[in-house]
Amino acid sequence: AAGIPVKERVKVSQNWRHGRCRRETVLKWKCKQVASFSSSFLMPWMELDGEYLYLSQAENIQAYPICPEGTGLQRHPQAIFSGHQEDVCRFVLVNSHIVSGGGDGSIVLHKIHGSYSVKFSAHEQEVNCVDFQGGLIVSGSRDRTAKVWSLSAGRVGQCLHTVQTEDRVWSIAISPLLSSFVTGTACCGHTSPLRIWDLESGQLLTCLGTDFHRGAGVLDVFYETPSLLLSCGYDTYIRYWDIRTSTRKCVQEWEEPHDSALYCIRSDKNHMIASGSSYYGVVRLWDKRQTQCLQSFHLSSPTSSPVYCLRFSTTHLYAALASALHVLDFTA
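About the thresholds
Residues numbered from 1 in each chain as written. Predicted model: local features only at pLDDT ≥ 70, side-chain atom pairs only at ≥ 80, totals over all residues. Heavy atoms only, no water. Helix = DSSP H or I, 4+ residues; strand = E, 2+ residues; numbered from the N terminus. Rg over C-alpha atoms; globule rule 2.2 N^0.38 Å. Buried < 20%, exposed > 50% of the residue type's maximum accessible area, 1.4 Å probe, protein only. Contact = heavy atoms within 4.5 Å. Areas by Shrake-Rupley, 256 points an atom, 1.4 Å probe, with all protein chains shown as cover. Phe/Tyr/Trp six-rings, centres within 6.5 Å; stacked < 30°, edge-to-face > 60°. UniProt positions renumbered as here; feature names shortened; annotations may be inferred.

**A short note on the overall build of the protein chain**
- A tally of regular secondary structure across the protein chain gives 1 helix and 28 strands.
- Computed over the C-alpha atoms, the radius of gyration of the protein chain is 19 Å, within 12% of the 20 Å expected from 2.2 N^0.38 for a compact globule of 332 residues.
- By its C-alpha atoms, the protein chain is 50 × 45 × 40 Å across when sized along the principal axes.
- For the protein chain, the proportion of its 332 residues judged to be buried stands at 58%.
- A separation of at least 24 residues holds for 46% of the contacts in the protein chain among residues at least 6 apart in sequence.
- Approximately 14600 Å² of the protein chain is accessible, and the part contributed by carbon and sulfur atoms is 48%.

This is the structure:
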């Protein structure tokens, strides 16, 4: 919001609240098949850093410059980061590094400015999720393990801990305090899909929540602060956890009104949450102070696609679907 006049900020804020925006499909690509989380075809993921939007397409990650006046993306990537033999499942962008996990079971680390990259074999099956903070990588896989990896000099790619999760790991995040990490699992082999592990020892610290139905897998997690955490997944709920208050019960929850699984979630670390649904490219905006959804946008019809990933800035929201990247411009 820095540099935006107050009057313009008020207008943009009102546009978010009332759902007033210009919609545009900024990129399209061929879809290998109609994919879901259960298929072997993995779908796009993205990160924003202000100047670029990074988007995974098949085995590559491409950097698209964001137009300076905020009107969209340049249509051709300025850089391409490769290294995986199969699709990139997820990646993170931290401190000018991209860390990605792929269907080939490997993790690849790229330095954005420069040719430095490292690849190492990480899991026996696809790496569904990764996070990177403080010189450590955590990864989760279909092989029902989560692992902690060193990136310190002389120990790059060394596995420090292997955690047996008894379930496919769909999502993972390191706490901002760098003391623990959370795994979101499929909730088939183990009754708790959300567990927090000690980063130094790999030991289980706590399980979040109780009485989850079988199959209530957690597909995305997001730390707002070291003690505040958002989760979403197959059971159609967004949950807001305050670890200081209770690990047994979340402090707030919101139900997806059309009973769709929720594939991805983000917040502005204030009042707003955005979620992406499994059908018809539905993006919803939520206000934590309200129980009902604030706004919803249907980005794919008549063919139905999940929203695999979404990111937003002060003025724009980007949503990656099966075969296209959509942008909602709230300056309109």
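Having seen it, we continue.
**Notes on the packing of aromatic side chains**
- Tallied over the entire structure, the rule returns 8 aromatic pairs.
- Summarising the aromatic geometry, the rings of Trp16 and Phe330 are spaced 3.8 Å apart at their centres and angled 15° between planes, so their arrangement reads as stacked. Of the two residues, Trp16 sits in helix α1 (residues 6-18) while Phe330 sits in the segment after β28 (324-329), which places them 314 residues apart along the sequence. A single burial state applies to Trp16 and to Phe330, both of which are buried.
- Their ring planes at 40° and their centres at 6.4 Å tell us that Tyr54 and Phe81 sit as a pair that is tilted.

**Brief notes about the UniProt feature "repeat: WD" (unreviewed entry) in the protein chain**
- Per the UniProt record, "repeat: WD" (unreviewed entry) is found at residues 120-155.
- The distance from the first to the last C-alpha atom of residues 120-155 is 12 Å, and the span holds 0% helix and 58% strand.

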